[in-house]
Structures are given as structure tokens and as C-alpha cells.
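Chain residues, written in single-letter form:
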Amino acid sequence: MTDPSWSLQQALYQALSAALPCPVYDAVPQGAAYPYVTIDREVRRNADFLNSRLDERFVYLNVWSDYPGQKEVKEIIAAIDAALHRQPLEIADGRVVSCIVRDTDTSRDADGVTYMGRVTLQILTQH
């Protein structure tokens, strides 16, 4: 069985695209309108237990908005949490044991206009 990283990203993309009021991108097209969510990066840690191939993954999502203030970013973060909370993610190369929103935060971008939200997903996969 191969590493489920790409299969997991596809499942996250599908789940979020179906649930969010804005586009989800891996690579943001030039001139994309706000708001949108990006799948930023993934960190994998070996979490083998009792000879079972388990990986703990942290997937980082970014929410981008030019709405005045943090309201839109916070609403999209809440929608991400609702879309993934206790929802099974089906992957082709293994299975998702658990997926939780571990951390969120918001901040004003350096341009003083755009707001950014960050969502950290903690996902345990078995393959």
C-alpha cells in the first residue's frame, strides 16, 4: 500500500469544496477573487503502534479574505470545523482514523487590508 498523502489531500479538497462558501485551492490561480481557502502544507510523523502503519499528519489550511474585519475569516473557519468534525474521510490508500481541528487563529495581513485565518488539522491515517 502506498502513502495516502495525495489521497488524503483529494479527500480534504472534496469535503471542503462541498461544504464551504468559497473556493479551495492547492495552487491559487492568478487574479483569484477573495475569499478562498488554500491547502498550504502537510507534516507527517510516524505513529506506528503494535505493528500497524499509522501516521500522524498535520495539514495546514489558510483562509484569505478582503472583507473588512475578521468576520468572514471566522465564519469560514467555523465552516471548516463543521465540515470535518466527526465526518469520515474516505481515502484510496488506507483509512483516516481521526481528523480534528487542532488549532485556529486569525490575523491581519501585512497589507493592512487582507485578513488571514489559519487552521491546523490533526489527522491520523493508517495504511
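K.L.:
Run through empty space enclosed by the protein, naming residues and quoting values.
P.N.:
With the rule as written, the count across this model stands at one cavity of 30 Å³ or more. Roughly 40 Å³ of volume is contained in the largest cavity. Elements supplying a minimum of two residues to the lining of the largest cavity: helix 2 (71-84) and strand 4 (95-108). The biggest single contributor to the lining of the largest cavity is strand 4, with three residues. Within the lining of the largest cavity, the residues separate by chemical class into four nonpolar, one polar and one charged.

K.L.:
Please provide a residue-by-residue account of the confidence of the model for the protein, values included.
P.N.:
Keep in mind that low pLDDT regions are not for reading the predicted coordinates in detail. Here the protein shows a mean pLDDT of 92. Residues at 70 or above account for 97%. Mean pLDDT across the elements of the protein ranges from a minimum in strand 2 (residues 36-46), with 93, to a maximum in strand 1 (residues 24-25), with 98.

K.L.:
Account for the nonpolar core, naming residues and giving values.
P.N.:
Val37, Leu61 and Ile80 are the most contacted members of the largest nonpolar core, which totals 27 residues. Tallying contributions element by element places helix 2 first for this core, with seven residues. Excluding residues that lie within four positions of it along the chain, Ile80 makes contacts with Leu16, Leu20, Val37, Leu61, Val63 and Val119.

K.L.:
An account of the packing of aromatic side chains is needed here, citing residue identities and associated values.
P.N.:
The geometry of two aromatic rings is summed up by the distance between their centres and the angle between their planes. If you walk through the whole model with that rule in mind, you get two aromatic pairs. Seen in terms of ring centroids, Tyr25 and Tyr36 are 5.6 Å apart; in terms of plane orientation they differ by 70 degrees. Their pairing is edge-to-face. In this pair, Tyr25 is assigned in strand 1 and Tyr36 in strand 2, connecting sequence segments 11 residues apart. Like Tyr36, Tyr25 is buried. Residues Tyr34 and Tyr36 carry aromatic rings whose centres are separated by 5.4 Å and whose planes lie at 5 degrees to one another, so their mutual orientation is stacked. Residue Tyr34 is classed as partly exposed on the basis of its relative accessible area of 33%. Owing to a relative accessible area of 10%, Tyr36 belongs among the buried residues under this scheme.

K.L.:
Describe the sheet that holds strand 4, with residues and values.
P.N.:
Sheet architecture is open: five strands sit in the order 1-2-3-5-4, paired in mixed fashion. In the strand order of this sheet, the two ends are held by strand 1 and strand 4, each with one partner. Note that strand 2 and strand 3 (residues 54-65) share 10 bridges and pair antiparallel. By the bridge assignment, Arg44 is partnered in strand 3 with Arg57. The strands touched by helix 1 (residues 5-19) are strand 1, strand 2, strand 3, strand 4 and strand 5 (115-126); relative to strand 3, the strand with the most contacts, the crossing angle is about 40 degrees. Strands in contact with helix 2 are strand 2, strand 3, strand 4 and strand 5; relative to strand 5, the strand with the most contacts, it is inclined by about 10 degrees.

Each value, and the rule that gives it
Residues numbered from 1 in each chain as written. Predicted model: local features only at pLDDT ≥ 70, side-chain atom pairs only at ≥ 80, totals over all residues. Heavy atoms only, no water. 1 Å grid on protein atoms, 1.4 Å probe; cavity = no way out; pocket = protein on both sides within 12 Å on 5 of 7 lines; lining within 4 Å. Points joined across faces, edges and corners; volume = space filled by probe spheres on them. Helix = DSSP H or I, 4+ residues; strand = E, 2+ residues; numbered from the N terminus. Nonpolar A, V, L, I, M, F, W, Y, C, P; charged D, E, K, R; others polar. pLDDT = per-residue confidence, 0-100. Core = buried A, V, L, I, M, F, W, Y, C linked by side-chain atoms within 4.5 Å. Buried < 20%, exposed > 50% of the residue type's maximum accessible area, 1.4 Å probe, protein only. Contact = heavy atoms within 4.5 Å. Phe/Tyr/Trp six-rings, centres within 6.5 Å; stacked < 30°, edge-to-face > 60°. Pairing = 2+ DSSP bridges. Axes fitted to C-alpha atoms, helices over the stretch in contact; angles between N-to-C directions.

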